[in-house]
Amino acid sequence: PLVDREEIEARLDAVDALVGDGVVRSDLHDRLGEAYDLERLAGRISRERANARDLRALHTTLSVVPELKELIADSPALSDHHDRLDELRDVATLIDEAITTDPPMELTEGGVIKQSFDDELDELRTTEQQGREWVADLEAAERERTGIDSLSVGHNQVHGYYIEVTNPNLDSVPDDYTRRQTLKNAERFYTPELKEREDEIFGAAERADSLEYELFCEVRETVAAETDRIQALATAIAELDALCSLAITATENDYVRPDLQPADSDPRIEIHGGRHPVVETTQEEFVPNDTDLDSGGVAIITGPNMSGKSTYMRQVALCCLLAQTGSFVPAEAAELPVLDRIFTRVGASDDIAGGESTFMREMSELTEILHDATDRSLVLLDEVGRGTSTADGLAIAQATTEFIHDELDALTLFATHYHGLTDLADERAGVHNLHFAATREGDDVTFLHRVAPGASSASYGIEVARMAGVPTPVVDRAREVVATTTGDDTAVTGDDAAATSSDEGE
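This write-up is about the structure you can find in this document. In this text the structure is predicted, and so the values were computed from the model without any measurement.

As a further point, take the overall build of the protein chain. Scanning the protein chain from terminus to terminus reveals 17 helices and 14 strands. Taken over the C-alpha atoms alone, the protein chain extends approximately 120 × 60 × 45 Å along its principal axes. Contacts in the protein chain between residues at least 24 apart in sequence constitute 67% of all its contacts with a sequence separation of at least 6. Once the 43 positive and 105 negative side-chain charges of the protein chain are each reduced to a mean point, those two points are 6 Å apart.

Turning next to the packing of aromatic side chains. The final tally for this structure, using the stated rule, is three aromatic pairs. Aromatic side chains tyrosine 177 and phenylalanine 189 sit 5.7 Å apart centroid to centroid with 45 degrees between the ring planes, which places their arrangement in the tilted category. With tyrosine 177 in the loop between strand E2 (160–166) and strand E3 (178–182) and phenylalanine 189 in strand E4 (residues 186–190), this pair connects stretches of sequence that are twelve residues apart. A relative accessible area of 4% places phenylalanine 189 in the buried class. For the cation-ring pair, arginine 188 lies above tyrosine 162, with the distance from its terminal atom to the ring centre recorded as 4.0 Å.

Here we take up helix H11 (residues 309–325). With 17 residues, H11 extends 25 Å from end C-alpha to end C-alpha; this agrees with the ideal 24 Å at 1.5 Å per step. Turning to H11, its buried residues number three or more, namely Lys309, Tyr312, Met313, Gln315, Val316, Ala317, Cys319, Cys320, Ala323 and Gln324. Just downstream of H11, glycine 326 is the residue with a positive phi angle, here 95 degrees.

On to helix H15 (residues 461–468), then. Those residues of H15 lying buried are Ile462, Glu463 and Val464. Of the residues one or two after H15, glycine 469 is the one with positive phi, at around 105 degrees.

For the rest of this paragraph, the subject is the packing of helix H3 (residues 38–46) against helix H9 (residues 227–253). H9 packs onto H3 with a crossing angle of 165 degrees between their chain directions and a minimal axis gap of 9 Å. Taken together, the axes of H3 and H9 are roughly antiparallel relative to one another. The interaxial crossing formed by H3 with H9 has left-handed handedness. When H3 is examined against H9, the residues Leu38, Glu39, Ala42 and Ser46 are found in contact with a partner set consisting of Thr227, Ile230, Gln231, Leu233, Ala234, Thr235 and Ile237. Residues of the contact of H3 with H9, tallied by class, amount to six nonpolar, four polar and one charged.

Now for the sheet that holds strand E10 (residues 341–345). Sheet strands pair by backbone hydrogen bonding; their relative direction is either parallel or antiparallel. Taken together, six strands build an open sheet; the order of strands is E10-E11-E12-E8-E13-E14 and the sheet is mixed. For this open sheet the edge positions go to E10 and strand E14 (444–453), each flanked by a neighbour on one side alone. Neighbour to neighbour, the strand axes of the sheet diverge by 15 degrees on average, direction disregarded. Note: strand E11 (residues 377–382) against strand E12 (residues 411–415), five bridges, orientation parallel. Following the sheet pairing, leucine 378 is matched in E12 by leucine 411. In this fold helix H12 (residues 358–372) packs onto E10 and E11, with an angle of close to 155 degrees to the strand it touches most, E10. On the sheet, helix H13 (residues 390–408) packs against strand E8 (298–302), E11, E12 and strand E13 (431–441) and is oriented at approximately 150 degrees with respect to E8.

Definitions and limits used
- Residues numbered from 1 in each chain as written.
- Predicted model: local features only at pLDDT ≥ 70, side-chain atom pairs only at ≥ 80, totals over all residues.
- Heavy atoms only, no water.
- Helix = DSSP H or I, 4+ residues; strand = E, 2+ residues; numbered from the N terminus.
- Contact = heavy atoms within 4.5 Å.
- Lys, Arg positive; Asp, Glu negative; His and termini not counted.
- Charge placed at Lys NZ, Arg CZ, Asp CG, Glu CD.
- Phe/Tyr/Trp six-rings, centres within 6.5 Å; stacked < 30°, edge-to-face > 60°.
- Buried < 20%, exposed > 50% of the residue type's maximum accessible area, 1.4 Å probe, protein only.
- Lys NZ or Arg CZ within 6 Å of the ring centre and 35° of its normal.
- Expected span 1.5 Å × (residues − 1).
- Axes fitted to C-alpha atoms, helices over the stretch in contact; angles between N-to-C directions.
- Parallel < 35°, antiparallel > 145°, perpendicular 65-115°, else oblique.
- Left-handed = near helix turned anticlockwise from the far one by under 90°.
- Nonpolar A, V, L, I, M, F, W, Y, C, P; charged D, E, K, R; others polar.
- Pairing = 2+ DSSP bridges.

Next comes the structure, spelled out in structure tokens:
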């Protein structure tokens, strides 16, 4: 995510260009899929750990670059990326001329350097090849010379080249044969000329393998000298890949381009039909919600458990976060500020090994927010104060809300079950209430997942416990306790009933 408005707009322009041109977007995606991890390859090459296949992978990627440049050549929004796509033609040409198309993994066993790349290597290979051809013709010639039809010429790593004659034919062995190895049913021989050819073949092969490795190291060293250029290209391709991914995501998921507010304006978050980019992909039907949060505003969000408070807060933050990466956002429309930071106090976890209980961890996170948030920050608070007594928790929650409103002016979403906090809307102009309503028929509760103005005073905790499978005696007893302490045996107060009715009217 960026904090410079011009840089964000430049990314948004690039994504917008790709969203608007499906052909270029699709072709760009396909070509990018052919590119290897250049940063990894550059690292291996610069550390002299790259093998021949790594260099061919680099060449494959470089061969894609001209196509990438051509695809985005006519897009003003992508002109910077076009200019930064260095084709490294000198590097690509060197690799293509030097390294075989399908080289082996090992560098010391030959088959790495292309023919005609080095004259000396070609001569050694020619010597080796001519020697092997002479040996291949030797078997037929010796059969004719000796009259031994079963004579064969072979080779192994221990004894080298040999002429094998079975025991019944040993009487026909010529005088120039020298015994090399005795087997159970045969003898193996060599001739002076075969030994000379063997020395030539092995000498040429050994020297060729050694020279190939030397040549490869020289090529790798030459390529390594261009590491900075390769890394710069890697960055340009990676950014283009990211922009293409953002455009594909925006197109496939119906995202819109956000409008960014001027840097000198008071920050305000206005989202119409906002959605959670992850949750909506896991649900058959996701209920969009609007957000209207003025500069310095604090929204106290109440409502039932499981109604969507946490999802709502996070989708607002994610829309802001996505926008500042240069992405379109999951909404029908969005006008967003450029935030300096997003702070969250959500979830419940402890650090027992570090000496922090769940509540202490919560307070530590809250401390960081209250010290570091500014009037251009977005703050998400989810159930602050719940890890201690109700009185202490409510007091901390209220004091926190007042401090954020009075001192920090940070854009804040505060989800809570402390319904007493909703009274702050009557005391401070920047505080307002939102709630998620639900309908109830008998023991069944239906969550509408839609945010509406006003406060809710019920959380339907017992109903959620029943839905989770808590044993019926426990649920029934809980209802008795609620009825005893509140004087009401229903889960919906008069205020909630009115709110529910209003929602149904909408």
